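Per-entry structural report
Single-letter residue listing:
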Amino acid sequence: MSLPLEGLTAIVTGAGRGLGRAEALELARLGAAVVVNDYGQPGRDGSGTASGTPAEEVAAEIRAAGGRAVAHTGDVADHEQARVLVELAVTEFGKLDILVNNAGILRDRMVFSMSEDEWDAVVRVHLKGHFNTTHFASVHWRARSKAADGPVYGRIVNTSSEAFLAGSAGQPNYAAAKGGIVGLTTSTALALAKYGVRANVICPRARTRMTEDVFAGFTEPEEGLDPLAPAHVAPLVGYLASPAAAHVNGQLLVVHGGMVAIVERPRVAAKFDTKQDAFTYDELDALLTPHYADRPKGETFAAVEVLGLKRGQDAAVSPASPGR
């Protein structure tokens, strides 16, 4: 019996630890050859000397289990190194079929305290990093599609965050970058659909090096799988990377603790038309002020209620405290 990803090649960025490692191992288990990318800096803020060890260890783990894998230790936020990453997949395994973007760092600060460097560094790794790999992967798929005169196999799984959905107050750089990744994903999904590519985005929740302080108060169970284990996220990535997800495109899914929630696109809640040629201040005041006066206090565009979602609970939950 063949495996669902047999004969396919995947890239997973940030795969030396945490979620990326779990995703790389799952894709390999499902039959894919994997290029394990990780820049290997020890600090979750992107500090410290880069090291090839994390990526090389995961690639070795895949090979030891009978799979195929190579390591790439470049920085995906560097445009040229992202090109080399995609070329490595093609050189080693003949083609690229799956791209999982996961690499990221954190530099948390309130917006009034955040430095320009703290903003730029996080946006660079998350948003630019996602763009760089997506760009070169899309060039590869478009060229293959033109050569074949038809669609090819392509899957992109991007990583956003509940911090974007809920508007995490202490993470303006991270929330903005993760929101940008959603926009990048939906744009990519529309642009590449005709070539056979499917692009989707997940908002995972897991206990990793990046979130160790966030979940410090949540102790691991003595028995059974930790609800915050990356192993809860990896199977969804495997599914979205598979042929079974051919009809899933441009979608956002929240995943953690044995639960997957599909988040719908924004809906128009209200619409007002001017009775004149153009709105005046007084007319807008008469229409919008009463509308917002009856809204719940503190309610914004952020979907804080997603933070209350958990396995076995109906989706209609009350808002929870903001977090990742």
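An account of the accompanying structure is given in this report. Nothing here was measured: the structure is a model prediction, and the numbers come from that model. Per chain, the residues get numbers from 1 upward, laid out in the order the sequence is written. Two thresholds apply to this predicted model, a pLDDT of at least 70 for residue-level local features and 80 or more for giving and counting side-chain atom pairs, whereas whole-chain, interface and lining totals are computed over all residues. As a rule here, side-chain values come from all non-hydrogen atoms in the structure, and water together with hydrogens is ignored.

**Overview of helix α2 (residues 53–64)**
Structurally, the α-helix is built with 3.6 residues per turn, so residues lying three or four positions apart point the same way. This is how the line gets drawn: Each helix is a run of DSSP H or I of at least 4 residues and each strand a run of E of at least 2, with the numbering of both proceeding from the N terminus. Working rule for helices: expected span equals 1.5 Å times residues minus one. Whether two residues are in contact is decided by their heavy atoms: any pair within 4.5 Å suffices.
The terminal C-alpha atoms of α2 lie 16 Å apart, and with 12 residues this matches the ideal 16 Å at 1.5 Å per residue to within 8%. Along its buried surface, α2 packs onto α1 (18–29), β2 (33–37) and β3 (69–72). Within two residues after α2, Gly66 carries a phi angle of roughly 100 degrees, on the positive side.

**Regarding the side chain of His256**
Relative to the assigned elements, His256 resides in strand β7 (residues 252–256). Setting aside residues up to four positions removed in sequence, His256 forms contacts with Glu162, Arg205, Pro227, His232, Leu309 and Lys310.

**Overview of α1**
Inclusion rule: Relative accessibility decides the category of a residue: with a 1.4 Å probe and only protein chains considered, values under 20% of the type maximum give buried, values over 50% give exposed, and everything between is partly exposed.
Between its terminal C-alpha atoms α1 stretches 17 Å, which fits the 16 Å expected from 12 residues at 1.5 Å a residue. Those residues of α1 not exposed but buried are Leu19, Gly20, Ala22, Glu23, Ala24, Glu26, Leu27 and Ala28. Those residues of α1 that are buried lie in contact with β1 (9–12), β2, α2, β4 (98–100), β6 (197–204) and α7 (234–240). Positive phi shows up at Gly31, right after α1, with a value of about 110 degrees.

**What about the side chain of Thr13?**
To keep it simple, the criterion reads: Polar contacts, as counted here, are pairs of nitrogen or oxygen atoms within 3.5 Å of one another; within protein the pair requires one atom able to donate a hydrogen and one able to accept it, and residues that are adjacent in sequence qualify only if both atoms are side-chain atoms.
Take Thr13: it is sitting in the loop between β1 and α1. Overall, Thr13 belongs to the buried group, its relative accessible area being 1%. A distance of 2.8 Å separates the side chain of Thr13 from the backbone nitrogen of Asn102, its partner in a polar contact. If we ignore the near neighbours within four places in the chain, the residues touching Thr13 are Asn37, Val76, Leu85, Val100, Asn101, Asn102, Ala103 and Thr133.

**A few points about the pairing of β2**
Counted only if it meets this: Whether two strands pair comes down to DSSP finding at least two bridges between them. Classification remark: right-handed applies to a crossover when, strands pointing away from the viewer, the course from the first strand over the helix to the second runs clockwise.
Burial within β2 is extensive, with five of its five residues counted as buried. Where burial is concerned, the two faces of β2 agree: the one with Ala33, Val35 and Asn37 and the one with Val34 and Val36 are both buried. For β1 and β2, the ladder comprises four bridges, and the chain directions are parallel. Bridge pairing links Ala10 to Val34 in β2. Each parallel crossover has a hand, and for β1 linked through α1 to β2 it is right-handed. Two elements, β2 and β3, share four bridges in a ladder whose sense is parallel. Following the sheet pairing, Val35 is matched in β3 by Val70. Taking the sense of rotation as the criterion, the β-α-β connection linking β2, α2 and β3 turns out right-handed.

**Overview of the sheet that holds β1**
For the record, the criterion: Helix axes are fitted to C-alpha atoms over the stretch in contact, other axes to C-alpha atoms as well, and angles between N-to-C directions run from 0 to 180 degrees.
The strand order across the open sheet built from eight strands is β3-β2-β1-β4-β5-β6-β7-β8, with neighbouring strands paired in mixed fashion. What marks the edges here is a single partner per strand, and that holds for β3 and β8 (259–263). Averaged over all pairs of adjacent strands, the angle between strand axes in this sheet comes to 20 degrees, irrespective of strand direction. Packed onto the sheet, α1 meets β1, β2, β4 and β6 and runs at close to 175 degrees relative to β1.

**Some thoughts on the packing of helix α3 (residues 79–93) against helix α4 (residues 116–148)**
The condition is simple: Oblique is the label for any angle not covered by the other classes, which are roughly parallel (under 35 degrees), roughly antiparallel (over 145) and roughly perpendicular (65 to 115). Crossings are sorted by hand: turned counterclockwise from the far helix by less than a right angle, the near helix makes the crossing left-handed, and turned clockwise it makes it right-handed. Residue type decides the class: Asp, Glu, Lys and Arg count as charged, Ala, Val, Leu, Ile, Met, Phe, Trp, Tyr, Cys and Pro as nonpolar, and the leftover types, Gly among them, as polar.
Look at α3 against α4: their axes get within 8 Å of each other, and the N-to-C directions meet at 45 degrees. Taken together, the axes of α3 and α4 are oblique relative to one another. As for how α3 packs across α4, the hand of that crossing is right-handed. Here α3 contributes His79, Ala82, Arg83, Leu85, Val86 and Val90 to the contact with α4, which in turn contributes Phe131, Asn132, Thr133, His135, Phe136, Ala137 and His140. Here the contact of α3 with α4 is composed, by residue class, of seven nonpolar, five polar and one charged.

**What about the nonpolar core?**
For clarity, the threshold we go by: The nonpolar core is taken to be a set of buried Ala, Val, Leu, Ile, Met, Phe, Trp, Tyr and Cys residues, with the residues joined through side-chain atoms within 4.5 Å.
Core analysis: the biggest nonpolar cluster contains 33 residues, and Leu27, Val36 and Ile98 have the highest contact counts within it. If you list the elements that add at least two residues to this core, you get β1, α1, β2, α2, β4, α7 and β7. Those residues in contact with Leu27 that sit more than four places away from it in its chain are Leu5, Ala10, Val12, Ala32, Val34, Ile98, Val100, Val237, Gly238 and Ala241.

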